Amino acid sequence: TGSTQPQRMLEAVQKNATKGDPESVFSAIDYYGRHKEWAMNVGDEKGLILDSVLTEVNPSIALELGTYCGYSTVRIARLLSPGSKLITVEFNPAFAAVARQIIAYAGVQDKVTLVEGPSGDLIPKMKERFGIKSFDFVFLDHWKDRYVPDTKLLEDCGLLRKGTVLLADNVICPGAPEYLKYVRNSPRYESRYFKSNLEYSKVEDGLEKSVFLG
Ligand SMILES: O=C(NCCO)c1cc(-c2ccc(F)cc2)cc(O)c1O
Ligand SMILES: [Mg+2]
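Residues numbered from 1 in each chain as written. Chains lettered and ligands numbered in written order. Predicted model: local features only at pLDDT ≥ 70, side-chain atom pairs only at ≥ 80, totals over all residues. Heavy atoms only, no water.

Chemist: Would you take a moment to explain the environment of Asp136 for this structure?
Modeler: The topology assignment puts Asp136 in strand E4 (residues 135-140). Along the primary structure Asp136 and Leu160 are separated by 24 residues, whereas in three dimensions their C-alpha atoms are 7.5 Å apart. When neighbours within four sequence positions are excluded, Asp136 is seen to be in contact with Val57, Pro59, Ser60, Ile61, Arg161, Gly163, Thr164 and Val165. (Helix = DSSP H or I, 4+ residues; strand = E, 2+ residues; numbered from the N terminus. Contact = heavy atoms within 4.5 Å.)

What follows is the structure in structure tokens.
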């Protein structure tokens, strides 16, 4: 059944994963994305890089731009220390509706706040709405042409601090060339490329890790 891909993905989770077990949830999504129907989750290969950066940063307050079905939301939330929070922003209501169910199925809903709407409108409201001083970690995985404007917005809203780590998905495929130019040429970032592959594929992709220097 399930008419949309996100709905079919949710079905696969409900059928193959264990409620309250985040690892089984993202593993079920990986199986689905690799063997049933390609899906734009960060995936298992780039997911290991995400895990290692997260473990290094151990953020108290993290931001994800682009929830989709909640794969990386669950992957990030499972590694957060008690009391730490992840805010995830999704523009597409149908994606958000499925993500909420997948996040709840994984049992990480207490660590996650999913906010629906355009990132460009929501970022300037983060401080007042969620009482945030600044983010420790930002995962960029939304519309690739929003990476630069939203990074500039985070800077201008004082939501980055010395040492904040930005990790951007898809800098090669589909690509975010302006973003790479921006963070690599700016004296305010220390940037490094982690070569990998597009999710469930042999095509090259990678993650760009950029530390804000203040
Ligand atoms: O658009 C993306 N995300 C924002 C929307 O929620 C996105 C796209 C792709 C992708 C698509 C089509 C293709 F042919 C290759 C890559 C991959 C990703 O990881 C992504 O995050
Ligand atoms: Mg992506």
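Chemist: Would you mind showing me how to read the site of ligand 1 here?
Modeler: Around ligand 1, the structure places Trp38, Met40, Asp141, His142, Trp143, Lys144, Asp169, Asn170, Cys173, Pro174, Leu198 and Glu199. Within the side chain of Asp141, one N or O atom sits 2.8 Å away from an oxygen atom of ligand 1. One of the side-chain nitrogen or oxygen atoms of Lys144 is found 3.0 Å away from an oxygen atom of ligand 1. A per-class count over the shell around ligand 1 returns six nonpolar, two polar and four charged. (Near = heavy atom within 4 Å. Polar contact = N/O pair within 3.5 Å; in protein donor to acceptor, adjacent residues only side chain to side chain. Nonpolar A, V, L, I, M, F, W, Y, C, P; charged D, E, K, R; others polar.)

Chemist: For this particular structure, what's the right way to read the packing of helix H1 (residues 5-16) against helix H5 (residues 93-106)?
Modeler: Working note: a packed helix pair is described by the angle between its axes plus the distance between those axes. At a closest axis distance of 9 Å, the pairing of H1 and H5 adopts a crossing angle of 10°. As far as their axial angle goes, H5 and H1 are roughly parallel. For the pair formed by H1 and H5, the contact residues are Pro6, Gln7, Leu10, Val13 and Gln14 on the first element and Phe95, Val98, Gln101, Ile102 and Tyr105 on the second. Class assignment of the residues belonging to the contact of H1 with H5 gives a composition of seven nonpolar, three polar and no charged. (Axes fitted to C-alpha atoms, helices over the stretch in contact; angles between N-to-C directions. Parallel < 35°, antiparallel > 145°, perpendicular 65-115°, else oblique.)

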